[in-house]
Amino acid sequence: MKSCFYVFTLVVVLLAASCGRDGNKLPSEYLARVGNDVFTAADLRAAMPAGLSAEDSVAFAKAYVRNWVNTHLVERVAASEVDMEQIERLTREYRDELIMTQYRRAMSRQAQEGEFAEDSLRAYYEAHKDDFKLERPLVKGVYLKVPDDAPNLAQIRRLYRSDKPGDIDKLEKAALGTAIHYDYFRDSWIDWEQIENRIPLDLASGDVSDIARRRYIEIESQGFTYLLSISDYLAPGAGMPYEAARPLVRDRLLNQRRRAYDSRLLNDLYQRALDDGLMQINI
């Protein structure tokens, strides 16, 4: 305890000396002042983390006091330059939102998280399809990255273009021991960016729509052969397929659930306040 007191005393002495060197000589009862607001040694003691060396404690104290001064200076300037009534209103609104959020969490975890039946998600999607538009392209297909010296590269070149189920099984087995990357996504939409980041497309001509029309692309670069087969393509602006829109649908339904739950909570608080005589409305 004595060593901690010694370090803190040293910090206060050094900080006061530093302030003196800066030409702002402060009375001993406080370490900094902005207008009528003061920062005292007791304030610094309450903020000081435990276990710091004397050198680190001095550095922390200087930074902490400087931050305190900066904050109070900004407040003084802001009071004359900005609409403080608006700031107070926004602060109250934010505070009320935080209280409501914490109250909701305390009253019901279901309102914060919760799951939805798949048929509910799909029903909402079907009713609001026009709300969900793509911002980036989606594709279906097959992608492989294979070493140029792979002994079965010719076989893989043939199989990745085939739509026959038997050939797809053969492709998976051939890729298992050979390919650096192998992604089969003919059954699900993926963001084009996931493929674009894996292929040196600067060596290919055209954008994704051109590649989609060509269906197949083969690029040889730095000892590897990149093979891409695109079986389907959706351009930006097209309607989102359900699997892509599903997370957005869930978020919408969750927000609706939260708003409904908040309304019930507020109505309950309102009624309890009336019943208990806590509140009275005369209009």
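Note: the structure precedes this text.
For clarity, every value in this text was computed on a predicted model and none was experimentally measured.

A. Representation of the overall build of the protein within the structure. Looking only at helices and strands, one finds ten helices and seven strands in the protein. The buried share of the protein, taken over its 283 residues, is 34%. Put simply, of all contacts in the protein between residues at least 6 apart along the chain, 71% involve residues at least 24 apart. Only carbon and sulfur atoms are counted for the fraction: they give 51% of the accessible area of the protein, which is about 18700 Å².

B. Molecular detail of the side chain of Lys-140. Note on placement: Lys-140 falls in strand E3 (residues 138–147). Despite its burial, Lys-140 remains without a salt bridge, the nearest opposite charge being carried by Glu-243 at 4.8 Å. Ignoring anything within four residues of it in the chain, the contact list for Lys-140 reads Phe-185, Arg-186, Asp-187, Ser-188, Trp-189, Ser-229, Ile-230, Ser-231 and Asp-232.

C. Geometry of the pairing of E3. In terms of residue burial, E3 counts as a mostly covered element, since ten of its ten residues are buried. Side chains Leu-138, Lys-140, Val-142, Leu-144 and Val-146 of E3 all project onto a buried face; the interleaved residues Val-139, Gly-141, Tyr-143, Lys-145 and Pro-147 project onto the opposite face, where all are buried too. Here E3 runs beside strand E5 (residues 190–191); their pairing, made up of two bridges, is antiparallel. Residue pairing for E5: Val-139 is matched across the bridge by Ile-190. Pairing analysis gives ten bridges linking E3 to strand E7 (residues 224–234), with the strands arranged antiparallel. Across the sheet, the residue bridging to Gly-141 is Ile-230, located in E7. Both E3 and strand E4 (residues 181–184) contribute to a ladder of four bridges, which runs antiparallel. By the bridge assignment for E4, Tyr-143 is matched with Asp-183.

Cut-offs applied
- Residues numbered from 1 in each chain as written.
- Predicted model: local features only at pLDDT ≥ 70, side-chain atom pairs only at ≥ 80, totals over all residues.
- Heavy atoms only, no water.
- Helix = DSSP H or I, 4+ residues; strand = E, 2+ residues; numbered from the N terminus.
- Buried < 20%, exposed > 50% of the residue type's maximum accessible area, 1.4 Å probe, protein only.
- Contact = heavy atoms within 4.5 Å.
- Areas by Shrake-Rupley, 256 points an atom, 1.4 Å probe, with all protein chains shown as cover.
- Lys, Arg positive; Asp, Glu negative; His and termini not counted.
- Salt bridge = Lys/Arg side-chain N within 4 Å of Asp/Glu carboxyl O.
- Pairing = 2+ DSSP bridges.

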